[in-house]
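Remarks on the overall topology
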Amino acid sequence: TANREKFRPAYHHTPAYGWMNDPNGMFYKDGVYNLYYQYNPYGSQWENMTWGHSSSRDLVNWTDEGLAIEPDGLGTIFSGSCVVDKDNTAGFGAGAVVAFYTTAGENQTQSMAYSTDNGKTFTKYDGNPILTADVPDFRDPHVFRHEKSGRWILILAAGQEMRIYSSANLKDWTYESSFGKGYGCHEGVWECPDLFELPVEGKNYSKWVLVCNINPGGPAGGSATQYFTGTFDGHKFTCDTKPEVTKWADYGKDNYAGVTFDNAPDGRRIMIGWMSNWQYANQAPTQQYRSANTIARDLYLYTDGTTEYLASKPSVENEKMRGKAAVKKNISGSNTISKMFSKPRGTYEVVLTLGNDNAGNVELVLSNTKGENVSMMYDAAKGSLSFDRRKSGNVSFSDQFPAVSVAPVVGSKLNELRLYVDNCSVEAFANGGRSVMTNLVFPSEPYNSISVKCGGKKKSASLVVYPLNK
Ligand code: FRU
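Residues numbered from 1 in each chain as written. Predicted model: local features only at pLDDT ≥ 70, side-chain atom pairs only at ≥ 80, totals over all residues.

Now for the overall build of the protein. Scanning the protein from terminus to terminus reveals zero helices and 34 strands. For 470 residues, the compact-globule estimate of 2.2 N^0.38 gives 23 Å, and the protein sits close to it at 22 Å. The buried share of the protein, reckoned over its 470 residues, is 47%. Here the analysis covers contacts within the protein between residues at least 6 apart in sequence; of these, 60% occur between residues at least 24 apart. (Helix = DSSP H or I, 4+ residues; strand = E, 2+ residues; numbered from the N terminus. Rg over C-alpha atoms; globule rule 2.2 N^0.38 Å. Buried ≥ 20, exposed ≤ 12 C-beta atoms within 10 Å, placed from the backbone. Contact = placed C-beta atoms within 7 Å.)

Okay, structure coming up:
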């Protein structure tokens, strides 16, 4: 079956068959997380954009729910979002799920559809399209409830800027403002925005985060997610950094189009991204299907000096997959576990805790018996972490694939490095998700050996490896 494919991720969301890109319309309701996605049901390359649908109760086990929204006379169905209309502001019923998406035909326009069965089936609104404009790139509407003004806000990408609209009934939208001119990175098209408020860790205030996916122009080449922090008054987003400042949510090559769940429980802000890059997504060496999504990550803000940054931590649900750990305590110098598992397996989590007496460089290498490896290096002098996948296995399907990505380690000290390894990916989280790198890898057999070199004096370092079971 499809599940026996060598590179098929075990615990990341994938389509059973066919092509997938951006996660769309994610929302939580009545104990269920719903994830829609850009989907080609007829083949494993980008085409025929349709919303596929999956659901989950734990963000790890996903059930295929079939097709949700299919192309129509206005075009194919591009990216967008869903909201839960608790107070029936649109008149589709209290608790109706309302989807917003781009209809991509001759022009890109915005349309909506509603569901009265918790997102299983949708009826298209008969007044579509609900938003038109005369810019060619006009897409990816993200809608949310702005409680303070008691209205709905829609943010979308229009060329090199984000446009903000407001509405009382989800159907009629008024233009409010635009953001982006001169701000951040403009080396590519702006796509897939999100806008939400987050508390700042350890402080008594919160900030707004404007997520702006951009392709190309990412720090490691190709697609990536930049973000801005600031204020939002219900009309206008005001960035709190100088225009030339660019902040990245993930410094790896394979995390794009990330957006967050509507209506997530307990005030959580949960993000999932598409684990690929437009540079080579259509060439990735998988069979039957293409692309997976990242693991779910909880977002939070923290400060370094006077600047706020976005961190993303693996959602706690991922920890339920942990099997019995192999533990090495009080390590220093060079350490190797040459057989992490008696039979090599492609799914595990690594937690390297360096503690506070850490100084000097740190190297962590995952390798297999074929001489393939992934090598991560923390350079203490530079305060950066690099991820080298040039010898990771099959790297020949694209010139853009063999690469080294580099992330700054904010605060310039590596305290912890946590890895989520699956059959074709490594997601690296340093210092509680303050520095993140997500990268695909296609080894000819799983990396079953780990070696860690700690420079300096690290009395309290420990290495823990958990097999992940699902
Ligand atoms: C981002 C994107 C979106 C668009 C979708 C089309 O990856 O280009 O802007 O809506 O993919 O599939």
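Every residue near the ligand is listed here: N21, D22, Q38, M49, F78, S79, T102, R139, D140, E191, C192 and A257. Going through the elements one at a time, β1 (18–29), β5 (76–85), β9 (138–146) and β13 (189–199) are the ones with two or more residues in the shell around the ligand. A class-by-class count of the residues in the shell around the ligand yields four nonpolar, four polar and four charged. (Near = placed C-beta within 6 Å. Nonpolar A, V, L, I, M, F, W, Y, C, P; charged D, E, K, R; others polar.)

We now examine the environment of K236. Take K236: it is sitting in the loop between β15 (224–232) and β16 (237–239). Separated by 214 residues in sequence, K236 and D22 have C-alpha atoms that sit 26 Å apart. In contact with K236, other than residues within four places in its own chain, are E176 and S177.

Our next topic: the sheet that holds strand β24 (residues 333–337). The sheet built from six strands is open, its strands ordered β24-β33-β26-β27-β28-β29 with antiparallel pairing. The open sheet is flanked by β24 and β29 (404–408), the only strands paired with a single partner. This sheet shows a mean twist of 10 degrees between the axes of neighbouring strands, independent of strand direction. When strand β26 (residues 362–367) meets strand β33 (residues 449–454), the two strands line up antiparallel, connected through six bridges. The residue bridging L364 from the neighbouring strand is V452, located in β33. (Pairing = 2+ DSSP bridges. Axes fitted to C-alpha atoms, helices over the stretch in contact; angles between N-to-C directions.)

If you look at the biggest cluster of nonpolar residues, it comprises 124 residues, and the most contacted ones within it are V98, A99, L154, L210 and A428. Apart from the residues within four sequence positions on either side, L154 is in contact with F100, P141, V143, Y165, S167 and W173. (Core = buried A, V, L, I, M, F, W, Y, C linked by C-beta atoms within 7 Å.)

Further remarks concern unusual backbone geometry. Following N128, the chain continues to P129 via a peptide bond in cis, the omega torsion being -5 degrees. If you trace the backbone, P129 turns up in the loop between β8 (123–124) and β9. Of note, the amide linkage connecting N215 to P216 takes the cis form, showing an omega dihedral of -10 degrees. Mapped onto the elements, P216 comes out in the loop between β14 (206–215) and β15. Of note in the backbone geometry, D140 takes a positive phi value of approximately 65 degrees without being a glycine. Residue placement: D140 occurs in strand β9.

Looking now at the confidence of the model for the protein. When pLDDT is averaged across the protein, the result is 96; 98% of the residues are at 70 or more. Confidence, expressed as mean pLDDT per element, reaches its minimum in the protein at strand β23 (residues 326–331) with 90 and its maximum at strand β19 (residues 270–274) with 99. (pLDDT = per-residue confidence, 0-100.)

All right, on to the sheet that holds strand β20 (residues 289–290) then. Across the sheet, which stays open at both edges, the five strands sit in the order β4-β3-β2-β1-β20 with mixed pairing between neighbours. At either end of the open sheet lies a strand with only one pairing partner, and these are β4 (63–69) and β20. The pairing of β1 with strand β2 (residues 32–40) spans seven bridges and is antiparallel. Bridged to N24 within β2 is Y36.

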